[in-house]
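The residues making up each chain are set out below.
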Amino acid sequence: MTTYLHSKQPITTQLSTQLQKQQHEARNSLLKIVGGIMYLARQGNAFRGHDSKEGNLHQLMIYKAEDDAEFNSWLQRGNNFTSPKILNEIIKIIGNKIVYDIVKEILSLPLIQYSLIIDGTQDAAGVEQESFCLRFIDKNLQPREEFIGLYQVTSTTGENIASAAKDVLLRLNLPLSQLRGQAYDGAANMSGRMQGVQAHLKKEQPLAVYVHCGPHCINLITQAACASSTIIRDAIHLVHELGVLFHQSMKFRAIFATIAKSDHTAPYTSLKPLCPTRWTVRTPAIRSVLNQYHSVLAATEEMAQSSMMDVAAKASGLHEKFLRGNTLLGLLLAEDVMSMLEELNISLQQRRQTTSGMLAAVEHVKRGIQEKRSEGHFGQLHMRASQVVTSVSLQPIKMPHVRMPPKRFTGPAMQHQHHTAQDYYRVQYFGTLDTVVTQCSERFSQEGLQRLQKLENIVITGKMDTLINEYPELDAMSLDIQLKMFKANYPSTSLSEVAEILKGMTPEVRHLFREVEALLRLVMVVPASAEAERSFSALRRLKTWLRTSMTQTRLNNLAVCHVHQDKLDALDRRQICQRFVEMNGERLRTFGAFI
């Protein structure tokens, strides 16, 4: 037993008690340093300031050394393992460990199937960053979407991004033959049929179904709907200009807050500018203006009397526009249309969203939009606008000047003219609703969604389709037999019910329906939304204007640590330290073995 215990220690340590003590102190010090690195990476904070001694890591280490004389002595050394090169190495080890654990879980599944999600944005330095995520179904039949890193690309062409995607999968040891889904936005370089990323990947893996991200589709539908009506388009633009004035002028902000808080008819909320790309989050800004319309008029009127020429001129122009009843009607119409689309967008962002669930939600919204297309509903909106116009003393709602078309187009026939403003704007409102319905039908009739719908119908109805023969992981004959047994014993109407039934089975019974489970995983593994976009918020927090000199490797590993905070907390610091010291013989002599 004595020989066995000593066999794990180097001969130098066995012969020198002093060396053993020094290694013990060094190991404790390195554990504290790694703990500080993990803390700052988790919170997304900077490590160094203008001076390394003023950085967050150095100050954190000084705080930890207050009651630890050994660690305080360690920090006074010339080589205390807190140099930028050492920090980058440790951060890389931590980031690689997190990604390795994710890939290891995918490769340990009974059936390897995964989908790829990519989205791109520019960081604070103007560098194009592509965010990569993997979607898979875990052993509990729960969809998982995991961020695996940010990668810099030299060009945003479809071929270049597809090459980067294949390189990432190769480095992660994930077989391209098991790629079953792709989810990107609708940009031509991503979704193009000939030169898009999805086209390049399909050339090598035809079974990788491409799905245009559902929330992106809703965003494009909302944009098209607002652009189809001039009264809605102009009213939304005025809300944005008012929000910009509110944020740029401190004086206007103070004036509006004073007036709005003294008006007890509605709670005070700040005025917000509109996001230029996210159309489905504009309803709160519109409602803020509608609920505080009287305060907006009073604040812009007072600001127009200011001595600040540029701000006063802008406030005067906004005051004149908001005095028009047409602006109020446009805001009411915009809120009425966009509120339903915003709720649909929130629903489609769930990670457990299935194809049938997404299409069913879209159909519900389409029916709701079609029900709004009635004279009675528009009459209520117009009456509400007219009541506010009267109570606030706005200019009446009136038609714009309509240009007469040339007679060579109309001939002797008289041009159709609307007799009232209500008739004129009802046509515009109905056109906006028709645009929403048409866009929903077109954007959600994708080839990939139709393919997934067929596979899902096989799971729910039990009726086989020739599509099954295209997938090598499915045995059509065994699947047909197992589906009949499953339907005879477990009636179900949705994928979630099938998943719950399979999870509740004993291992022997669940193995009896292995082909049914494989088909269920195949249907669920294709994403309905682009999870990669959620990592952009982490990118904004990590690479700021003060941290633009950060290298790509450091940014990538910090992003992985910051996004996967739960996985970072679960890491064993001793394993990280052991991996660090094993990379250098001198480190082994300094620290010894951690495990």
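Remember, predicted model here, so these are calculated numbers, not experimental data.

Each helix and strand counted, the protein has 30 helices and five strands in total. Projecting the C-alpha coordinates of the protein onto the three principal axes gives extents of approximately 110 × 75 × 45 Å. Within the protein, the fraction of its 595 residues that count as buried is 50%. Of the contacts formed within the protein by residues at least 6 apart in sequence, a portion of 71% connects residues at least 24 apart. With the model as given, the accessible surface of the protein reaches about 29800 Å², and the carbon-plus-sulfur share is 52%. Positive and negative side-chain charges of the protein, numbering 67 and 57 respectively, have mean locations separated by a distance of 2 Å.

Once that is clear, we can look at the layout of surface pockets. Estimates place the volume of the second largest pocket at around 500 Å³. Lining the second largest pocket are 22 residues, and of these Tyr151, Asp167, Val168, Arg171 and Asn556 lie nearest its centre. Elements supplying a minimum of two residues to the lining of the second largest pocket: α6 (84-107), β3 (143-152), α7 (158-171) and α27 (552-563). Sorting elements by how many residues they give to the lining of the second largest pocket places α7 first, with six residues. By residue class, the composition of the lining of the second largest pocket is nine nonpolar, ten polar and three charged.

Attention now goes to the UniProt feature "domain: DUF4371" (unreviewed entry) in the protein. In the numbering adopted here, UniProt assigns the feature "domain: DUF4371" (unreviewed entry) to residues 25-196. The distance from the first to the last C-alpha atom of residues 25-196 is 56 Å, and the span holds 45% helix and 20% strand.

Once that is clear, we can look at the pattern of salt bridges. Going through the model one piece at a time under the given rule, you end up with 27 salt bridges. Put simply, Glu146 and Lys567 hold a salt bridge, and the shortest N to O gap is 3.3 Å. Of this pair, Glu146 sits in strand β3 while Lys567 sits in helix α28 (residues 565-570), and the two are 421 residues apart along the sequence. In this structure Glu146 comes out as buried when scored by relative accessible area, which is 7%. What makes Lys567 partly exposed here is its relative accessible area of 21%. Connected through shared salt-bridge partners, Glu105, Asp138, Arg144, Glu146 and Lys567 make up one network.

So, about the environment of His212. Examined against the element boundaries, His212 turns out to sit in strand β5 (residues 209-212). For His212 and Gly186, which are 26 residues apart along the polypeptide, the C-alpha to C-alpha distance reads 6.2 Å. What His212 contacts, discounting residues up to four positions off in sequence, is Tyr184, Asp185, Gly186, Cys217, Leu220, Arg443 and Gln446. A distance of 3.0 Å separates the side chain of His212 from the backbone nitrogen of Gly186, its partner in a polar contact.

Here the focus is the side chain of Ser295. Structurally, the position occupied by Ser295 is in helix α14 (residues 293-304). Judged by its relative accessible area of 2%, Ser295 is buried. Those residues in contact with Ser295, other than ones at most four positions away along the chain, are Phe256, Ile259, Ala260 and Asp263.

All right, on to the pairing of strand β4 (residues 179-184) then. For β4, the buried fraction is high: six of the six residues fall into the buried class. In terms of strand pairing, strand β1 (residues 114-122) meets β4 through four bridges, oriented parallel. Within β4, the position partnered with Tyr114 by the bridge is Leu179. Sheet topology places β4 next to β5; four bridges connect them, and they run parallel. Counted as the bridge partner of Gly181 is Val209 from β5.

Right, let's get into the packing of helix α18 (residues 375-392) against helix α20 (residues 421-443). Between α18 and α20, whose axes approach to 11 Å, the crossing angle comes to 115°. Handedness of the α18/α20 crossing: right-handed. Residues Glu375, His377, Phe378, Gly379, Leu381 and His382 of α18 touch α20, and the partners they reach there are Gln422, Tyr425, Arg426, Tyr429 and Phe430. The residue inventory of the contact of α18 with α20, partitioned by class, reads five nonpolar, four polar and two charged.

Glancing now at the packing of α14 against helix α15 (residues 309-322). Closest axis-to-axis distance for the α14/α15 pair is 8 Å, and the angle between their directions is 145°. The two elements α14 and α15 meet at a crossing, and its hand is left-handed. On α15, the residues that touch Tyr293, Val296, Leu297, Thr300, Glu301, Met303 and Ala304 of α14 are Val311, Ala312, Ala315, Ser316, His319 and Phe322. Split by residue class, the contact of α14 with α15 holds nine nonpolar, three polar and one charged.

Since one α-helical turn is 3.6 residues long, residues separated by three or four positions face the same way. Compared with the 26 Å implied by 1.5 Å per residue over 18 residues, the 26 Å span of helix α17 (residues 355-372) between its first and last C-alpha is a close match. Taken as a whole, α17 has its buried residues at Thr355, Met358, Leu359, Ala361, Val362, Val365, Lys366, Gly368, Ile369 and Lys372. As for α17, its buried residues are in contact with α10 (214-227), α16 (325-348), α18, α20 and α21 (447-461).

As a further point, take a nonpolar patch on the surface. A cluster of nonpolar side chains, namely Met477, Ile481, Met485 and Leu512, defines an oily patch on the protein surface of about 390 Å² accessible area. By residue number, the principal contributor to the nonpolar patch is helix α22 (residues 476-489), which donates three residues. Inspection of the secondary structure assignment puts Leu512 in helix α24 (residues 507-512). Overall, the relative accessible area of 40% leaves Leu512 in the partly exposed class.

Rules behind the numbers
Residues numbered from 1 in each chain as written. Predicted model: local features only at pLDDT ≥ 70, side-chain atom pairs only at ≥ 80, totals over all residues. Heavy atoms only, no water. Helix = DSSP H or I, 4+ residues; strand = E, 2+ residues; numbered from the N terminus. Buried < 20%, exposed > 50% of the residue type's maximum accessible area, 1.4 Å probe, protein only. Contact = heavy atoms within 4.5 Å. Areas by Shrake-Rupley, 256 points an atom, 1.4 Å probe, with all protein chains shown as cover. Lys, Arg positive; Asp, Glu negative; His and termini not counted. Charge placed at Lys NZ, Arg CZ, Asp CG, Glu CD. 1 Å grid on protein atoms, 1.4 Å probe; cavity = no way out; pocket = protein on both sides within 12 Å on 5 of 7 lines; lining within 4 Å. Points joined across faces, edges and corners; volume = space filled by probe spheres on them. Nonpolar A, V, L, I, M, F, W, Y, C, P; charged D, E, K, R; others polar. UniProt positions renumbered as here; feature names shortened; annotations may be inferred. Salt bridge = Lys/Arg side-chain N within 4 Å of Asp/Glu carboxyl O. Polar contact = N/O pair within 3.5 Å; in protein donor to acceptor, adjacent residues only side chain to side chain. Pairing = 2+ DSSP bridges. Axes fitted to C-alpha atoms, helices over the stretch in contact; angles between N-to-C directions. Left-handed = near helix turned anticlockwise from the far one by under 90°. Expected span 1.5 Å × (residues − 1). Patch = residues over 30% accessible without salt bridge, like charges linked within 9 Å, V, L, I, M, F, W, Y side chains within 5 Å.

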